[in-house]
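# Residue-level structural notes
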Amino acid sequence: MGLITGVLAFLYHLPQIYKWLLKPYYIVSFLLTVAFLVVRKAPGLCEHLATDREDGNSCDFDWREVEILMFLSAIVMMKNRRATFVMTCKPPLYMGPEYIKYFSDKTIDEELQKDGRVTWIVEFYANWSSDCQSFAPVFANLSLKYNCAGLRFGKVDIGRYGEVSQRYKVSTSPLAKQLPSLLLFQGGREVMRRPMVDTKGRAVSWTFNEENIIREFNLNELFQKSKKLNKKQNGFRTEDGSEELQQETSEVQQSTESKKDQ
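Residues numbered from 1 in each chain as written. Predicted model: local features only at pLDDT ≥ 70, side-chain atom pairs only at ≥ 80, totals over all residues. Heavy atoms only, no water.

## A word on helix α6 (residues 130-146)
Over its 17 residues, α6 extends 25 Å from the first C-alpha to the last, a length consistent with the 24 Å expected when each residue adds 1.5 Å. At A136, α6 shows its maximal bend, which comes to roughly 35 degrees, and the proline P137 appears one to four places after that position. Along α6, the residues that are buried comprise C132, Q133, F135, A136, F139, A140, L142, S143 and Y146. (Helix = DSSP H or I, 4+ residues; strand = E, 2+ residues; numbered from the N terminus. Expected span 1.5 Å × (residues − 1). Bend = angle between axes of the 7 residues up to and from the residue. Buried < 20%, exposed > 50% of the residue type's maximum accessible area, 1.4 Å probe, protein only.)

Printed below as a string of structure tokens:
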């Protein structure tokens, strides 16, 4: 019965598996893996390859190559269960449009506490994590839809800044499965995070898609409140007179210059 259920589940998800595998980086990885095996066994080519075998047969794997292949297979099985028998490359880094501020260990605390009226959604990630790389376009799309003066999006690489990881209690261990983590800050204080962490320090299973994030973090409601805040701020500045307008203009010029420098 369990075998039949597994086969039916595999057939049901077969279109999704094909869609997941038919990507350039997975195809290239598979071709490179097969190319090594074909060249090692191809007559006319394998005779010219170097070997450490005692019998001098260069058309068969020597003990060192077998040991390396077994070690790499074990690493791939541990890192990516979906790619058990194929050595895959990491997904490419996201280079598309976004409205996200990147923090360092010296700027994150100052920026979160700078204005208590601003709500921040910060992603804690690591460049080496394939889950973080897959989530990058989703988070970027949310920043394009919901970013405003009262609702901001940020990211911090805790794989690079270990102090930030300890300070905000987000583990970078692959066993903890806390990457990526989304933390909501209001008034400089953490209000909620996803995924949640149990008593053993492991992340509770949670799907990082756009629908779940919008629902769990109430992005539509936060966005509407932030728009009202913008209107109040604009009306207050208009009534104050020229001094406030001049100050606002200088701040805009400074931010424009900083973007050019970046």
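## Considering the pattern of salt bridges
Counted by the stated rule, this structure contains seven salt bridges. For the salt bridge of E123 with K155, the shortest nitrogen-to-oxygen distance reads 3.6 Å. Separated by 32 residues along the polypeptide, E123 in strand β2 (residues 119-125) and K155 in strand β3 (residues 151-157) bring together distant segments of the chain. Using a relative accessible area of 6% as the deciding quantity, one classes K155 as buried. Between E216 and R194 there is a salt bridge whose closest N-O contact spans 3.0 Å. Placement of E216 in helix α8 (residues 210-216) and of R194 in strand β5 (residues 189-194) is noted, with a sequence separation of 22 residues between them. The exposure class assigned to E216 is partly exposed, which follows from its relative accessible area of 26%. (Salt bridge = Lys/Arg side-chain N within 4 Å of Asp/Glu carboxyl O.)

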